[in-house]
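# Fold and geometry: a report
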Amino acid sequence: MRWGADPVATEALTGVLGAFGCNRGVLFELTTRGDSGFAPTAVSAGLTSLERPIRFPADSLLPRWMRVNRQALPVPDDIGVFGALTSQEQETLREVSARAAVPLIVEKQLIGWATLSDRPDRIPDLGAGSSALDDIARRLLAARLAAEEKARADSLARTNKLSLTGEMAAGIAHEVRNPLAAVRSMVQLVRNGAIPASEQGQVLDNVVTEIDRVNSVVTNLMMLGRPSASRTEAVELMALVADAVNFCRAYARQRSQSLEIALNTRLWVRGDSLEIRQVLVNLLLNACQASGDGQAVLIQGRSDTDSAGVPVAIVEVVDEGAGIPPSVLSQIFDPFFTTKANGGGLGLCLCRDVMTRSGGSIVVTSEPGVGTRVTLTFPQ
Ligand SMILES: Nc1ncnc2c1ncn2[C@@H]1O[C@H](COP(=O)(O)OP(=O)(O)OP(=O)(O)O)[C@@H](O)[C@H]1O
Ligand SMILES: [Mg+2]
C-alpha cells in the first residue's frame, strides 16, 4: 500500500479487499479538509497510475447513487449505472482500474468506498460481505473521529499553553523591568555625583538588593515545571534546612529577626536537593517579610505517618507575623500573585509545584495578627 502510508486507511482497504478475495484497489474517503469530497487515502501496491490529484465532489453522481442504493457498483457497465456517471467520474474509475466500487456506510452515512481492481468476473455481493464491510466502515469512522477529537484537544492545549506563556511573559517582564529601572537610576545618580560619598554605600546595597530580586524571580521561574528526571536522588532534610537557614541568616539579621531550628533527627526523602532548598528559602523569606523587627521564625521537622498510616517527613515554617486574611489565602499559590510592593509572586507557586511533583504537599494555615504556619509533607 502507499499514498501517505496512512495506517488506518491501509487497514480498511486491506480489510475490504480481503472480504472479496481481491489484491488491488483504492480506498476513497470523505474528507472535510479543503473542498469537501471523496479522495483516495490508500492505494494498493499493484496500482501505480494515481499521479494527478483525484477528488469526487461530495454530491457527485457516484456517491449519490451509493447513498441511495447501498450496493456495489459494477464497472464498466456501459448500459447501466456506470454509463450514467459523468465522463470525469468514469475516467477516474478507469484510471484506478476499477472493476467495482464498494460503499462503506455507517448509519446511513456514506463515509467512503473502495474500488476493486482485479475482480473481473463477479460483482461483489454485499449481502454476503456486508457484515464484514459494516465492521470495517465502523472502525474506519471511529478512528477518524478519534483522530479529529485528538487534534481538537491538542489544538486547545496549544492555545492554553500559548496564553499561559503570554501571561507568564507579561509577569516576568514586569518583575525584571522594575528592578532594572531602579538599578539604572541608582547607578546614574552615583555616576552624576548626585549622591554624597557618605550615602553611596547604601545606594549600592540597594542595587545589590534589586539584583537579588531579579535573580530570585529567574531562579523560581527556571525551577517551575522542570522535567521529572532530575528528582530521584535521596536527600536529607536536616542538612537542607541548615543550608537554607544559613542562606537567609543575613537577611533576617538586617531586620533584627532570628531564625530558630528545631530539628535534630535526620529525615531522608526522595527529591531534588536544589528544588527543596529553594522551597525552604522561599518560605523563610516569606516568614521574615511578614514578621516585624525582633520577631522569631521557627523551622521544625519530624517523622510522622499520614492518615493512611504511610510514613512521611514533615517540615514546618512558623512565624508570628502579620498573618494572611482569608480572602488573600485562596490566592497565595497563584503565579504572580503578591501583596508586596516588590514581590514577584512566584515563591509559593514554585513551592507547590515542587511539592506536588515529588508526591508531597504544602498546606498554609494562618490567622491575621497571630501568624502563619506552612506545613510541608514529604513521602518517605
Ligand atoms: N508567611 C507569610 N505571612 C503572611 N503572608 C504570606 C506569607 N507567605 C506568603 N504570604 C502571602 O502570599 C503572597 C504570595 O507569596 P509568594 O511567596 O508566592 O510571593 P511573594 O512573596 O509576594 O513574592 P516572591 O516570593 O516571588 O518574592 C505574599 O505576597 C503574601 O501576601
Ligand atoms: Mg515569597
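Up top is the structure these notes are about.
Residues numbered from 1 in each chain as written. Chains lettered and ligands numbered in written order. Predicted model: local features only at pLDDT ≥ 70, side-chain atom pairs only at ≥ 80, totals over all residues. Heavy atoms only, no water.

## Section: the sheet that holds strand E6 (residues 109–116)
A sheet is described by the order of its strands in space; here six strands give the open sequence E3-E2-E1-E6-E5-E4, paired in antiparallel fashion. Strands with a single pairing partner mark the edges of an open sheet, and in this sheet they are strand E3 (56–57) and strand E4 (73–74). As defined by bridge partners, strand E1 (residues 25–31) adjoins strand E2 (residues 37–43) across six bridges and the pair is classed as antiparallel. Paired with valine 26 across the bridge in E2 is valine 43. (Pairing = 2+ DSSP bridges. Helix = DSSP H or I, 4+ residues; strand = E, 2+ residues; numbered from the N terminus.)

## Some points on the side chain of glutamate 210
With respect to the helices and strands, the residue glutamate 210 is situated in helix H6 (residues 197–223). What makes glutamate 210 buried here is its relative accessible area of 16%. What glutamate 210 contacts, discounting residues up to four positions off in sequence, is Pro179, Ala182, Val183 and Met186. (Buried < 20%, exposed > 50% of the residue type's maximum accessible area, 1.4 Å probe, protein only. Contact = heavy atoms within 4.5 Å.)

## So, the site of ligand 1
Ligand 1 sits among 19 residues. The nearest are Asn286, Thr338, Thr339, Lys340 and Leu348. The separation between a nitrogen atom of ligand 1 and a polar side-chain atom of aspartate 319 is 2.9 Å. Between an oxygen atom of ligand 1 and a main-chain N or O atom of glycine 345, the distance comes to 2.8 Å. The set of elements that each furnish at least two residues to the shell around ligand 1 consists of helix H8 (273–290) and helix H10 (347–357). By residue class, the composition of the shell around ligand 1 is seven nonpolar, ten polar and two charged. (Near = heavy atom within 4 Å. Polar contact = N/O pair within 3.5 Å; in protein donor to acceptor, adjacent residues only side chain to side chain. Nonpolar A, V, L, I, M, F, W, Y, C, P; charged D, E, K, R; others polar.)

## Comments concerning the nonpolar core
Ranked by size, the top nonpolar core spans 45 residues in total, and within it Leu280, Leu283, Ile362 and Phe378 carry the most contacts. Only H6, helix H7 (237–254), H8, strand E10 (296–305), strand E11 (311–319), H10, strand E12 (361–367) and strand E13 (371–379) provide two or more residues apiece to this core. When neighbours within four sequence positions are excluded, leucine 283 is seen to be in contact with Val317, Leu348, Cys351, Ile362, Val374 and Leu376. (Core = buried A, V, L, I, M, F, W, Y, C linked by side-chain atoms within 4.5 Å.)

## Points about the environment of arginine 24
If you trace the backbone, arginine 24 turns up in the loop between helix H1 (7–19) and E1. The exposure class of arginine 24 is partly exposed, given its relative accessible area of 27%. In this structure the C-alpha to C-alpha distance between arginine 24 and alanine 45, which are 21 residues apart in sequence, comes to 7.2 Å. For arginine 24, the contacting residues outside a window of four places in its chain are Leu17, Ser44, Gly46, Leu47, Thr115, Leu116, Ser117 and Asp118.

## Here we look at the environment of arginine 191
Considering the arrangement of structural elements, one finds arginine 191 in helix H5 (residues 126–191). Given a relative accessible area of 69%, arginine 191 falls into the exposed group. With 31 residues separating them in the primary sequence, arginine 191 and asparagine 160 have C-alpha atoms 46 Å apart.

## Concerning H7
Taking 1.5 Å as the rise per residue, H7 with 18 residues should run 26 Å; its terminal C-alpha atoms sit 26 Å apart, in good agreement. Its axis deflected by about 40° at cysteine 248, H7 carries its strongest bend there. (Expected span 1.5 Å × (residues − 1). Bend = angle between axes of the 7 residues up to and from the residue.)

## Focus: the pairing of E10
The pairing of strand E8 (residues 258–262) with E10 spans five bridges and is classified as parallel. Across the sheet, alanine 262 pairs through a bridge with glutamine 300, a residue of E10. Alignment of E10 against E11, held across nine bridges, turns out to be antiparallel. The partner of aspartate 304 across the bridge, within E11, is valine 312.

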